[in-house]
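Chains, contacts and geometry: an overview
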Amino acid sequence: MKRIALYWLALLALMFISLGSSYVSLGGWNAAIGVAIAGLKASLVAAVFMRLSRGPALLRLVAATAIAMWLLLVGLSGVDYATRPNDPAPVQPALAR
Amino acid sequence: MTAHSAMHPGDFPAPRRAAAARLGMWVFIGSEVLFFGGLMLAYLYGRTHWPHGFALASRRTDVVLGTLNTALLLTSSAVIALAVHKRQAITPLLWITVALGAAFLVVKGMEYHHEFTEHLFPGDGFALAATTGAELFFMLYFVTTALHALHLLAGMGGVSVLAWRRLRCIEPMALYWHFVDVVWIFLYPLLYLVERHS
């Protein structure tokens, strides 16, 4: 009971830190901090509430495989998306007939 | 037992069945990670290519209601974790979880109502049509939050059945509930907290 209450308070505190950080101008760090805090919150939920830290290694393996697969797909997609210029496509005028 | 008779779940001892159910739910969650992961990739592409449009559009989301909803889901996760870990007062804790989920959906509905009246739903007459990327942001906003809400609704149905029938194998459903919470944990900064300062 105490342990879960403690982690619940920690999650709420992280939520408010995340909220507060978005009102401070930090350039690219705003997004990085937002996602890092979300990652920390998700890890706490997975490790404590979902009992991943105490459960069998097989479950951690499944979770890690899913995340690794996602990172792989994002990385491979990035080969295209991250290198694609953002110029609008040239407009081809309609042929007058 | 002859070689031809099929094995039934009841042939296995309860702890083994529980372990199999947990593993099954984790594999399902793994597939869900990739389901929402595709949308996250689409978001990443949009945000890196039209940062200005995404920041402008994000400032039009309701950060108070978004934060309230984050708190509601974090609390619901703690409540259902309490039911799983303590194995006491399971039925009331499950009903509280469902109630918190319902409260989340009511708040989400209020947000949607504001956004529809402010013409933030993509399409004809979109309020921020002049800014490139803003409409894409709101398209992703509505797709991800609606899919999340559907998942939450499914979770509320599942948890209600467990509470109603007083079933005691609640851990797989609780894992699913936590996963839906984790999806929201990521949606919260991505949708509500893009450059609130400017």
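Residues numbered from 1 in each chain as written. Chains lettered and ligands numbered in written order. Predicted model: local features only at pLDDT ≥ 70, side-chain atom pairs only at ≥ 80, totals over all residues. Heavy atoms only, no water.

**Brief notes about the overall build of chain B**
In terms of regular secondary structure, chain B is built from six helices and zero strands. When the helices and strands of chain B are read in sequence order from the N terminus, they spell out α-α-α-α-α-α. The principal-axis extents of the C-alpha atoms in chain B amount to approximately 70 × 40 × 30 Å. Within chain B, the fraction of its 198 residues that count as buried is 53%. In chain B, 79% of the contacts between residues at least 6 apart in sequence involve partners at least 24 apart. Surface summary for chain B: the accessible area is close to 8,800 Å², and the carbon and sulfur share equals 69%. Placing the 13 positive and 11 negative side-chain charges of chain B at their respective mean positions leaves the two points 15 Å apart. (Helix = DSSP H or I, 4+ residues; strand = E, 2+ residues; numbered from the N terminus. Buried < 20%, exposed > 50% of the residue type's maximum accessible area, 1.4 Å probe, protein only. Contact = heavy atoms within 4.5 Å. Areas by Shrake-Rupley, 256 points an atom, 1.4 Å probe, with all protein chains shown as cover. Lys, Arg positive; Asp, Glu negative; His and termini not counted. Charge placed at Lys NZ, Arg CZ, Asp CG, Glu CD.)

**Points about unusual backbone geometry**
Glycine aside, the phi torsion of most residues is negative, and most peptide linkages are trans. Positive phi outside glycine occurs at Arg51(A), with the angle close to 60 degrees. Although it is not a glycine, His119(B) adopts a positive phi angle of roughly 60 degrees. Its place among the elements puts His119(B) in the loop between α4 (90-117) and α5 (134-164).

**Notes on the side chain of Ser21(A)**
Residue and element names in this part refer to chain A. Within the fold, Ser-21 resides in helix α1 (residues 2-21). Within the local environment of Ser-21, its side chain forms a polar contact with the backbone oxygen of Ser-18, the two atoms lying 2.9 Å apart. In contact with Ser-21, other than residues within four places in its own chain, are Leu-26, Asn-30 and Ile-33. (Polar contact = N/O pair within 3.5 Å; in protein donor to acceptor, adjacent residues only side chain to side chain.)

**Examining the packing of aromatic side chains**
A ring pair, where both rings are aromatic, is described by two values, the distance of the centres and the angle of the planes. All names here are of chain B. This structure, assessed with the given rule, holds 21 aromatic pairs over all chains. With 5.5 Å between their ring centres and 65 degrees between their planes, Tyr-43 and Phe-54 make a pair best called edge-to-face. Taken together, the positions of Tyr-43 in helix α1 (residues 14-49) and Phe-54 in helix α2 (residues 51-58) put the pair 11 residues apart, joining distant regions of the chain. With respect to class, Tyr-43 is no different from Phe-54; both count as buried. (Phe/Tyr/Trp six-rings, centres within 6.5 Å; stacked < 30°, edge-to-face > 60°.)

**Considering the interface of chain B and chain A**
Each partner contributes to the interface: chain B provides 45 residues, whereas chain A provides 41 residues. Taken together, both faces of the contact between chain B and chain A bury some 3,800 Å²; the carbon and sulfur share is 76%. Inspection of the chain B/chain A interface yields one salt bridge. In this structure, the salt-bridge partner of Arg51(A) is Glu171(B), at a minimum N-O distance of 3.5 Å. In this assembly, chain B and chain A are joined by seven residue pairs in polar contact (both at pLDDT 80 or more). Sorting the residues of the side of chain B that touches chain A by element identifies α1, α3 (63-86) and α6 (171-192) of chain B as the ones contributing at least two each. Sorting elements by how many residues they give to the side of chain B that touches chain A places α1(B) first, with 16 residues. When grouped by side-chain class, the residues that make up the side of chain B that touches chain A number 27 nonpolar, 11 polar and seven charged. (Buried area = accessible area lost by both parts, 1.4 Å probe. Salt bridge = Lys/Arg side-chain N within 4 Å of Asp/Glu carboxyl O. Nonpolar A, V, L, I, M, F, W, Y, C, P; charged D, E, K, R; others polar.)

**Some remarks on the packing of α3(B) against α6(B)**
Describing two packed helices takes the angle between their axes plus the distance from one axis to the other. All names here are of chain B. Put simply, α3 and α6 touch, their axes get as near as 10 Å, and they point 160 degrees apart. Viewed along their axes, α3 and α6 adopt a mutual orientation that is roughly antiparallel. Considering the relative orientation of α3 and α6, their crossing is left-handed. Contacts from Val-63, Gly-66, Thr-67, Asn-69, Thr-70, Leu-73, Leu-74, Ser-76, Ser-77, Ile-80, Ala-81 and Val-84 in α3 reach Glu-171, Ala-174, Trp-177, His-178, Val-180, Asp-181, Trp-184, Ile-185, Tyr-188 and Tyr-192 in α6. (Axes fitted to C-alpha atoms, helices over the stretch in contact; angles between N-to-C directions. Parallel < 35°, antiparallel > 145°, perpendicular 65-115°, else oblique. Left-handed = near helix turned anticlockwise from the far one by under 90°.)

**With respect to the confidence of the model for chain B**
Across chain B, the average pLDDT comes to 93, with 97% of residues at or above 70. Model confidence for the complex: the whole-complex pTM is 0.92, and ipTM, which rates the interface, is 0.91. (pLDDT = per-residue confidence, 0-100.)

**Focus on the pattern of salt bridges**
Per the counting criterion, the structure on display carries four salt bridges over all chains. With a closest N to O distance of 3.6 Å, Arg60(B) and Glu118(B) form a salt bridge. You can see Arg60(B) sitting in the loop between α2 and α3 and its partner Glu118(B) sitting in the loop between α4 and α5, a full 58 residues away along the chain. Overall, the relative accessible area of 35% leaves Arg60(B) in the partly exposed class. Ionic contacts of the salt-bridge type, sharing partners, join the residues Arg51(A), Arg22(B) and Glu171(B) into one network.

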